[in-house]
Amino acid sequence: LVFLSWNGARQVSCGENFSVILSSQGHLYSAGSAEFGQLGNGETGEYFVTASKIAFANSTKFERRAIFVQSAADAEGGLVTDSKDSAKMIPLPDSADIAIGSISCGKNHTIAVEAPIKESPGQSASSRVFSWGCGGYGCLGHNVQADEYTPRLISALRGPLFASNTPVRAAAGAQCSMILTKNGHVYYWGKHRQGTEATMRPTLIDALANNMHVVTAFSAGSQTVFCSTKNAVTVSWGQGTHGELGYGLGKAKSSAKPQFVEKLDKCLVSDVACGYGHTLFLIRDEDEEDKNALKKMKKLETDDVAAFMAEVAGRKIAAGAGDDDGDGGGGKKRGKGKK
C-alpha cells in the first residue's frame, strides 16, 4: 500500500468484502465492496450491467474518507419535526479535522470512535462515535433499519452522561455493535442471537455495570459476545454451536444473558477476538498469580497439531476407501463418524 509508506497504519479491520485502515493521524481509508455503503464515500454507485443485473462502484484501492455527517434533527437538537427534513444529512463543520482513535468492522458495517480530545471552553471532552454501512437489525445505532453511506454521528452516545465517561473503543460483530467507555462500561446495539429482538439503540449492558464490573477487553463475532474485566472475570453470551462461548464440553451452547466462562476465572484477558465459529484470547502472563491461573489451561503444542493433522488425514483416507467399496454407504458412515 503506497500511502502506508508516509502515513503509517494504526489499526486495520475487515468486513466480509471490504476493509478499513486507520492511519497514525487518525484518518480513515477504505476499499472493497460498496453494496451497502460500507466504503463511507457517500454512495453505493449502483448501476445496471444488464437489464436484470446490478453492480456497484466497488473500490480497488484505499482512499481516504473525510466527510462525517449528522441528521438535521440531531443538528437542531431534535427540534426538526418534518420527516423529510429530519432525514437529511448535514456534514459536520469540523469533518476535515476529525481524528479517529478506534475502528471495528462487522459483516457489512463499521463503527468508529473519535480519538480523545482535549477539553476547551464550550466544548465537551466526550469523543464522538460514527457508524456507516448496512443498517440491518439496527446495528448502526440510529433507531432505524436503514443503510448509511457516510460516517454518521450516533446521537444516542452524546450528552451529559458521556461527558465524564467518554467512549474509547469500538467492537463490531456480524450484525451488532459495541463501544467501551472510559469507566469500563459497555454499550450494545444490533443483534447477535437468533430468536431475539434487535436492540435498535445503544444500550448499557447493566448486568456488568450494575455489578461494578470494569470491562477492559471485549469482542463480538457472528453470534457471540465476550467481555473481560480488570478483576479477571470473563463472560459470554449468544449462540456457540461450535463451543466458541467457552462454557466447556457438555455444557450449554447458548445463553441469552452474560454467563461466566469458568475456565478463564482469575485469568487476566488482555485482548479477545471472536470469529465466525471460534474465539481467541490473549492472556497476561507476568507474575506468579498469572502463572497459577494459567496452570489449569490445556496447552496446544506443535506435536499435538501434527498428531491432529495426521489423524484427520487418516480419516480422509479411510473415508475414501469406503467410497471405493461401491456399497453406496460411505457417505452415511462419514456423517455418523463426524458426529
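Whatever comes next refers back to the structure up there.
The structure displayed is predicted, hence computed values, not measured ones.

Quick notes on the rules
- Residues numbered from 1 in each chain as written.
- Predicted model: local features only at pLDDT ≥ 70, side-chain atom pairs only at ≥ 80, totals over all residues.
- Heavy atoms only, no water.
- Salt bridge = Lys/Arg side-chain N within 4 Å of Asp/Glu carboxyl O.
- Buried < 20%, exposed > 50% of the residue type's maximum accessible area, 1.4 Å probe, protein only.
- Core = buried A, V, L, I, M, F, W, Y, C linked by side-chain atoms within 4.5 Å.
- Helix = DSSP H or I, 4+ residues; strand = E, 2+ residues; numbered from the N terminus.
- Contact = heavy atoms within 4.5 Å.
- Phe/Tyr/Trp six-rings, centres within 6.5 Å; stacked < 30°, edge-to-face > 60°.
- Disulfide = S-S within 2.5 Å.
- Polar contact = N/O pair within 3.5 Å; in protein donor to acceptor, adjacent residues only side chain to side chain.
- Patch = residues over 30% accessible without salt bridge, like charges linked within 9 Å, V, L, I, M, F, W, Y side chains within 5 Å.
- Areas by Shrake-Rupley, 256 points an atom, 1.4 Å probe, with all protein chains shown as cover.
- Pairing = 2+ DSSP bridges.
- Axes fitted to C-alpha atoms, helices over the stretch in contact; angles between N-to-C directions.

(A) Examining the pattern of salt bridges more closely. Under the defined criterion, the tally for this structure stands at 9 salt bridges. For Arg152, the salt bridge goes to Glu148, with nearest N and O atoms at 2.8 Å. A relative accessible area of 10% places Arg152 in the buried class. Overall, Glu148 belongs to the buried group, its relative accessible area being 9%. The salt bridge involving Arg284 is made with Asp287; its shortest N-O contact spans 3.3 Å. With relative accessibility at 32%, the residue Asp287 sits in the partly exposed group.

(B) Quick peek at the nonpolar core. Within the largest apolar cluster, 16 residues are counted, with the highest numbers of intra-cluster contacts made by Met178, Val186, Val215, Phe218 and Cys227. Broken down by secondary-structure element, the contributors of at least two residues to this core are strand E14 (176-181), strand E15 (186-190), strand E17 (215-220), strand E18 (224-229) and strand E19 (234-239). Setting aside anything within four residues of it in sequence, one finds Val186 in contact with Met178, Ile179, Leu180, Thr203, Leu204, Ile205, Val215, Phe218 and Cys227. Counting 14 residues, the second largest nonpolar core, distinct from the first, contains Leu22, Leu92, Ile98 and Phe130.

(C) Just the packing of aromatic side chains, in detail. Applying the stated rule across the entire model yields 3 aromatic pairs. For the ring pair Phe68 and Phe130, a centre distance of 4.8 Å and an interplane angle of 55 degrees mean the geometry is tilted. Of this pair, Phe68 sits in the loop between strand E6 (59-65) and strand E7 (69-71) while Phe130 is found in strand E11 (residues 129-133), placing the two residues 62 residues apart along the sequence. Judged by relative accessible area, which is 0%, Phe130 ranks as buried.

(D) The arrangement of the state of the cysteines in detail. Enumeration over the complete set of coordinates arrives at 0 disulfides. Left without a disulfide partner, Cys176 is nearest to the cysteine sulfur of Cys139, which lies 8.2 Å away. On the accessibility criterion, Cys176 (0% relative accessible area) is buried. Cys227 takes part in no disulfide bond, and the closest cysteine sulfur to it belongs to Cys274, at a distance of 9.1 Å. According to the relative accessible area criterion, Cys227 is buried, its value standing at 0%.

(E) Summary view of the side chain of Arg65. When you line up the elements, Arg65 lands in strand E6. Judged by relative accessible area, Arg65 falls into the buried class, the value being 9%. For Arg65, the side chain forms a polar contact with the main-chain oxygen of Leu39, separated by 3.2 Å. Residue contacts for Arg65: discarding those within four places in its chain leaves Leu28, Ser30, Leu39, Gly40, Asn41 and Ser59.

(F) Here's a closer look at a nonpolar patch on the surface. Taken together, the side chains of Leu300, Val305, Phe308 and Met309 present a nonpolar region at the surface, about 430 Å² in accessible area. Here Met309 falls in the partly exposed class, since its relative accessible area comes to 49%.

(G) View of the sheet that holds E15. Taking strand neighbours across the sheet as the criterion, the 4 strands line up as E13-E14-E15-E16 in an open arrangement whose pairing is antiparallel. Only two strands of the sheet have a single neighbouring strand rather than two, namely strand E13 (167-172) and strand E16 (199-204). Ignoring which end each strand starts from, the neighbouring axes of this sheet average 15 degrees apart. Two strands pair when backbone bridges link them, and E14 and E15 are joined in this way by 5 bridges, in the antiparallel orientation.

Just geometry here; none of it tells us what the structure is for.
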